[in-house]
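# Breakdown of the fold
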Amino acid sequence: MNALLWVLQIALALLYLAGGAYKTFKFDELANQMRALPASGWRALGVLEMVGAVLLIVPAAARWMPVLTPLAAAALALETLALAGLYARYSLKLAATNPLIWAGVMGLLAAIVAYGRYAR
């Protein structure tokens, strides 16, 4: 179980780091596509995702305040599921290009990591 949680943590950290960087530095494109959030809102979400990605790995790997890992995973799960709700307002079609699908899966995986690390 521990190995599976580490694989999930590393995969999620890479995905959240990439997604957070995109939201932080390419927020003009996102703000034009989805007007539900202003550019500063996308930037704040991007910074939250990048910080959460670092906290998914560093505290558990360094064994320094490992309680931050499940807290970061829970925060990312809540943020991502809320973002999935925002995406659902724009499109509900089941396609690989729909960000709703990706956000839902990532939120569910982050919730699994939060539960798994909290239970340990």
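All of these numbers come straight from a predicted model, not from anything done at the bench. (Residues numbered from 1 in each chain as written. Predicted model: local features only at pLDDT ≥ 70, side-chain atom pairs only at ≥ 80, totals over all residues. Heavy atoms only, no water.)

## Looking at the side chain of Glu49
As for its position among the elements, Glu49 is in helix α3 (residues 39–62). The residues contacting Glu49, other than those within four sequence positions of it, are Tyr16, Gly19, Gly20, Lys23, Leu76, Glu79 and Leu83. (Helix = DSSP H or I, 4+ residues; strand = E, 2+ residues; numbered from the N terminus. Contact = heavy atoms within 4.5 Å.)

## Concerning the packing of helix α1 (residues 2–25) against helix α5 (residues 99–119)
Two numbers describe how α1 lies on α5: the axes approach to 10 Å, and their chain directions differ by 135°. Judged by the inter-axis angle, α1 sits oblique to α5. Two packed elements cross with a definite hand, and for α1 against α5 that hand is left-handed. Seen from α1, the contacting residues are Asn2, Leu5, Trp6, Leu8, Gln9, Leu12, Leu15 and Tyr16; seen from α5, they are Met106, Gly107, Leu109, Ala110, Ile112, Val113, Gly116 and Arg117. (Axes fitted to C-alpha atoms, helices over the stretch in contact; angles between N-to-C directions. Parallel < 35°, antiparallel > 145°, perpendicular 65-115°, else oblique. Left-handed = near helix turned anticlockwise from the far one by under 90°.)

## A closer look at the confidence of the model for the protein chain
Taken over all residues, the pLDDT of the protein chain has a mean of 88, while the share at 70 or more is 95%. When pLDDT is averaged over each helix and strand of the protein chain, the minimum, 73, is found for helix α2 (residues 27–33) and the maximum, 94, for α1. (pLDDT = per-residue confidence, 0-100.)

## A word on a nonpolar patch on the surface
Taken together, Leu94, Ile101, Trp102 and Val105 make up a surface patch of nonpolar side chains, about 440 Å² in accessible area. With respect to the helices and strands, Trp102 occurs in helix α5. Of the residues examined, Trp102 reaches a relative accessible area of 51% and is grouped as exposed. (Patch = residues over 30% accessible without salt bridge, like charges linked within 9 Å, V, L, I, M, F, W, Y side chains within 5 Å. Areas by Shrake-Rupley, 256 points an atom, 1.4 Å probe, with all protein chains shown as cover. Salt bridge = Lys/Arg side-chain N within 4 Å of Asp/Glu carboxyl O. Buried < 20%, exposed > 50% of the residue type's maximum accessible area, 1.4 Å probe, protein only.)

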